[in-house]
Amino acid sequence: MSDNASRLQRASAAVRQRLWGTPRDWVNPRRKRFWALSILLLYTLAGFLIVPWVARQQIIDRVGELVDRPVALETLRVNPFVLSVEAREFAITEDDGSGILSFERLYVNFQLSSLFRWALTFREITLEHPSLAFVRFADGQTNLGQLLSPAEPEPARTTEAPAEADPEAGLLRVIVGELNLTGGGGTFTDRVPGTDFVQAIGPIDVSIRDISTLPEDSGRQRVAVRIGDEVDVAWQGSLQIEPLQSAGRLTASGAFLPLAYRYFQDQVDVQVPSGTVDLGFDYAVALDDTGTFRADMTELEVDVRDVRVTQAERAIVELPGLRLEGGYLAYPAQRAGARRISLTAPELFMWRDADGISNLERIIRSPPADEPTAEAEPEDDATAAAAWSLSLQRFEVNDLAFDFEDRTLRDPQPIEIRDFDLRLEGLDNAPDTRFPLTLSFNSNTGGRVALNGTMGALPAPFLDAELTVDGLALGIAQPYLNDLALAQIDDGTVSTRTRLTVSAEEPLGASGELTVDGLSIASTQPEERLLGWQQLGVNEFSYSHAAGALEISQVTVSEPYARLLIAEDRTTNFQQLMRQPETAAEPADEGAEPDDGSSDAAPPVQLTIGRVAVSGGSADFSDLSLPLPFRTSISTLEGEMTTLDSSSAEPSQVRLDGQIEDFGLARIQGALMPLGITRNTDVELLFRNVALPDLTPYTIRFAGRRVADGRMEVDLRYQVKDGRMTGQNSVVISDLELGERVEHPDAFDLPLNLAIALLKGPDGRINVDIPVEGDVNDPQFRIGGVIAGAVANVITGIVSSPFRLLARLVGMESEEFGRVKFEPGSAALTPPERQKLSKLGEALNMRPQLALQVNGVVAPQTDRKALQTLATRARIDAALAERSDGEDSAGTMLGDRRRAAIEALFTEDFPETSLAEVRAQFQRPVEEDGEDGEMRLDETAYVAELEQRLIDAAPMDEAQVQALGQERAQRISDWLAENADIDPARITLGETTTTSADSGWIAMELDVTAT
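What you see is a predicted model, and the numbers here were worked out from it, not measured in a lab.

This part is about helix H19 (residues 958-979). Between its first and last C-alpha atoms H19 spans 32 Å; for 22 residues at 1.5 Å apiece the expected length is 32 Å, and the two agree. Looking at H19, one finds that the buried residues are Val961, Leu964, Gly965, Arg968, Ala969, Ile972, Ser973, Trp975 and Leu976. Buried positions in H19, seen along its axis, are confined to an arc of 165° and lie on one side of it. Away from the buried face of H19 by more than 90 degrees, exposed residues Ala959 and Glu978 are located. Two residues or fewer after H19 comes Asp981, characterised by a positive phi angle close to 55°.

Examined bridge by bridge, strand S9 (residues 231-240) and strand S10 (residues 245-254) share ten bridges and lie antiparallel to one another. The residue bridging Val231 from the neighbouring strand is Gly254, located in S10. Counting the residues between successive antiparallel strands, the hairpin from S9 to S10 contains four residues.

Below, the discussion takes up the nonpolar core. Of all hydrophobic cores here, the largest spans 78 residues; its most connected members are Phe420, Leu422, Leu536, Ile552, Val555 and Ile609. When sequence neighbours within four positions are dropped, the list of residues in contact with Val555 reads Leu536, Gly537, Val538, Ile609, Arg611, Val612 and Ala613. Residues Leu806, Ala807, Val810 and Val854 belong to the second largest nonpolar core, which totals 28 residues.

This next bit is on the confidence of the model for the protein. The pLDDT averaged across the protein works out to 76; a share of 71% of its residues lies at or above 70. Within the model, pLDDT remains below 50 along residues 161-165, and this stretch shows zero contacts once partners closer than five positions in the same chain are excluded. Note that residues 584-599 has pLDDT below 50 and, in this model, zero contacts with residues that lie over four places away or in other chains.

All right, on to the environment of Val78 then. Note that Val78 resides in strand S1 (residues 71-79). By relative accessible area, Val78 is classed as buried at 16%. Expressed as a C-alpha distance, the spacing of Val78 and Asn109, which sit 31 residues apart in the sequence, is 9.8 Å.

With that settled, the discussion passes to the pairing of S1. With eight bridges connecting them, S1 and strand S2 (residues 84-93) associate as antiparallel partners. From the neighbouring strand, Thr75 faces S2, where its bridge partner is Arg88. Between the end of S1 and the start of S2, which pair antiparallel, lie four residues, with Leu83 showing a positive phi angle near 55°.

So, about the packing of aromatic side chains. A full pass over the atoms with the stated rule returns eleven aromatic pairs. Measuring from ring centre to ring centre gives 6.2 Å for Tyr331 and Trp388, while their planes differ by 25°; the resulting arrangement is stacked. Here Tyr331, found in strand S13 (residues 314-331), pairs with Trp388, found in the loop between helix H7 (382-386) and strand S17 (389-406); they are 57 residues apart in sequence, far enough to count as distant. Residue class for Trp388 comes out partly exposed when judged on its relative accessible area of 23%. Between the aromatic rings of Phe922 and Tyr942, the centroid separation amounts to 6.4 Å while the plane-to-plane angle is 65°, which identifies the pairing as edge-to-face. Of the two residues, Phe922 is situated in the loop between helix H17 (915-920) and strand S40 (923-925) and Tyr942 in helix H18 (residues 939-953); the sequence distance between them amounts to 20 residues. Both residues of the pair, Phe922 and Tyr942, count as buried. Members of the aromatic cluster, joined through ring pairs, are Phe134, Phe188, Phe197, Tyr263 and Phe264. Positioned over the ring face of Phe349 is Arg314, at 3.6 Å from the centre of the ring.

Relative to the elements of secondary structure, Thr992 occurs in strand S42 (residues 987-994). Thr992 gets classed as buried once you look at its relative accessible area, which sits at 17%. Among the polar contacts made by the side chain of Thr992, one reaches the side chain of Gln966 at a distance of 2.6 Å. What Thr992 contacts, discounting residues up to four positions off in sequence, is Gly856, Val857, Val858, Gln962, Gly965 and Gln966.

Moving on to helix H6 (residues 256-264). Looking at H6, one finds that the buried residues are Pro258, Leu259 and Tyr261. In an axial view of H6, the angular spread of the buried residues amounts to 160°, which keeps them on one side of the axis.

Right, let's get into the environment of Val108. Mapping Val108 onto the fold places it in strand S3 (residues 99-110). The sequence separation of Val108 and Ala87 amounts to 21 residues, and the corresponding C-alpha distance is 9.0 Å. Those residues in contact with Val108 that sit more than four places away from it in its chain are Leu83, Ser84, Val85, Phe122, Glu124 and Ile125.

Spatial ordering of the open sheet is given by S42-S39-S44, a layout of three strands whose pairing is mixed. The open sheet is flanked by S42 and strand S44 (1007-1010), the only strands paired with a single partner. Between one strand axis and the next, the sheet turns by 30° as a mean value, whatever way the strands run. Across four bridges, strand S39 (residues 850-858) lies against S44 in antiparallel orientation.

Our next topic: a nonpolar patch on the surface. On the surface, Leu45, Phe48, Leu49, Ile50, Trp53, Val54, Phe81 and Val82 cluster together into a nonpolar patch covering about 770 Å² of accessible area. We classify Val82 as partly exposed; its relative accessible area is 39%.

Thresholds, definitions, all that
- Residues numbered from 1 in each chain as written.
- Predicted model: local features only at pLDDT ≥ 70, side-chain atom pairs only at ≥ 80, totals over all residues.
- Heavy atoms only, no water.
- Helix = DSSP H or I, 4+ residues; strand = E, 2+ residues; numbered from the N terminus.
- Expected span 1.5 Å × (residues − 1).
- Buried < 20%, exposed > 50% of the residue type's maximum accessible area, 1.4 Å probe, protein only.
- Arc of directions from axis to C-beta.
- Pairing = 2+ DSSP bridges.
- Core = buried A, V, L, I, M, F, W, Y, C linked by side-chain atoms within 4.5 Å.
- Contact = heavy atoms within 4.5 Å.
- pLDDT = per-residue confidence, 0-100.
- Phe/Tyr/Trp six-rings, centres within 6.5 Å; stacked < 30°, edge-to-face > 60°.
- Lys NZ or Arg CZ within 6 Å of the ring centre and 35° of its normal.
- Polar contact = N/O pair within 3.5 Å; in protein donor to acceptor, adjacent residues only side chain to side chain.
- Axes fitted to C-alpha atoms, helices over the stretch in contact; angles between N-to-C directions.
- Patch = residues over 30% accessible without salt bridge, like charges linked within 9 Å, V, L, I, M, F, W, Y side chains within 5 Å.
- Areas by Shrake-Rupley, 256 points an atom, 1.4 Å probe, with all protein chains shown as cover.
- Salt bridge = Lys/Arg side-chain N within 4 Å of Asp/Glu carboxyl O.

This is the structure in structure tokens:
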């Protein structure tokens, strides 16, 4: 055994000697071992000492020259045996010492297998604690861009054809077994925004295994990035570079929203103090040999929590939770969608500023006026977007709270929506897709609104849903009413069941039923009920925007109420309620053409209402503008309005009956067009059994007299045609008794006693027609003033023409009824005048309260001439009678005797005038064309001339003329007393007046007075 061991030891020593030689062999230059040892020692010395020293200095110098900044590298180690390089504490700094780029350790381990793989092969590349301070300056440049000095221009080269790229060259062949980045970080500073954005980034950890640019060679990667203290981004998966392929999962979590807000804070007018986002998705991307890029994203999950957005120190958005589940995206398949998006208990507050702009519109701040705005690029063709297939299986909003405040109003009370729930299912952008819709919410003022149905978006909006409103309080409109009037909605709710439709053919259609219950509106100054009803119901309606038509089957109004008050200044309570605009409208440009709105105005909606029914209505009326305040009430107002059609020329028939006070009746009936009253209206208003003492305030203002007793019935009929109103008002007053006079500045100066005496019949009733006419398009038109003026005109007309009224009582229309005509110089009553007096007597018997005033009348010139004529002819007749009784009259003609009598009277009155001279004036040729000159006397003209001279010379004094006037008056009085049974005490004879002859007649004007 020992021999064997000895032999083995000797053999082993021999082998070692042959391999390593003797120590002398290693120092013998003639031996290969010497040179091998020398090379090894030199390689070791150069690798461990010389190369690191030289390389470190070269890195510092070369990089320093390149970046023109201080560069530091503490140590550089090289291990030539494992082919590794290690650099520590590298830094590039600014001149002031602030850091730009640095790392604590860089380790690179190169592999000799690169020779066999024909690729740069690294076993490990590790970078520890790298740090980068990135700065973007206000001019858009960066500190990294400034690190590299501008490259010097290269010297000109001879023109040669450029070398063609080798299409087979591909990427540089690189293999990295392990690539690590640990503890990376830095800062990102952006000075472009108005407020500098500074954000720390890190730690960043990257771990990549088996990364390679070799074809179909892939590895696994993991990247983790932390931004600030609350944002983390992580990625892990596989990566193949040639051809490009990667698959894995990306996750991110943290306060992304506050981080994004800090960066964009100068561009937005909100603050985002909180809001976290968790997201993750699986992906797969690839770039094949044909250059086609493919990307798939699946299992996208997004969870947004505790978001809070404030504006003007008020939270405008609070979102406890928003979740997206099952999201996906596929390209180039162009599919994207998600399984579910849900919002939980979001809160949204919105307001509108005094200038009418909402706070949401102000979220994005407008750039300064001197800062140019980027022009929007033209949108791509819509077909590109339509090529994508988008879908969402379910979208829901749960328990949203929405507050809206309109600060353009005087009293911007918030409108609060609570318990808002929304459900949409099966959404996609395929044409003609219909998906279910469910929506509901409650109002803070009371009531619930719900919408259920189906809707669509492409190729045109589509909706087919039922809108349900249950007891929605009308108080929700109170802020807007406050801006218009001093009124308060005390009560009232609206309810409806309405089917809404939207389509390409119908922009908006609606049909259903509507009720407004318990409406009560009160004035706030003073506080009293103003308007309301128990219920207003629309049993069925249908609206079509396409047809521009609204059709209502029937409107029923039960127990409507209104209060109308006329104040002391004659304004109504409704006028006093309306607020005046705070600022006057700006005057229009003088040269601007008036805008009639025809260019943009929508066509009027065609309205049809089948029937309007009113039951149990009431109203209170007060007039404080009168010397004695007047109040009355109308109750139990009932009635209806028939079909109303705005497109038809046929007006609607109206009838309303109500009770005035205890026993009075008020009725409105007729035809009118409520949407065009000035076009075609024919309405009759009837008032029955209205106590006249109640109207004393009006009679005082109108005529300055109280009403002691009486009752009134009124038929008022008004017609309006093309803006022109005509009316015929019939008034019947029973047992009217006027009271004492009351002074009033606006009262008409009317002789009411006479008017009443003229109007009141034997039965104590007054019947009068009052015509009314006016242009309702005239801005100065006021119906009250028109009617008052019409009444004044009627009374004035009656008083000024009382005989016209008396004539109508006996069926005559003659304007001459108050005039008696006499022949000149005569007091005799002709048959027509006796008939007139007979009818006058009948009329006076019908108005026993009237007395007749008869004044004598003469026409001095005409009557004097007539009396002279009568007196002269009487003398002629007397003289002729004397001659007829004489003996020389026998056998003479009457004309000869009359000529002789006149000649005798002429010679008596004009002794100085020769009859022969007068005859010479009336000599005429026997024949007109005779040549012998024989003349003859025109006896007729001669006698007429003598008679006229006698008449003109006849004596007639003034007393005789005045006596004729008194005789005429007495003749009328006697005739009425004897033939018409008129009490002589009712006839007063007045002084004689003068007049002028009218067509040969002398007219006496009679007058009436009240007894």
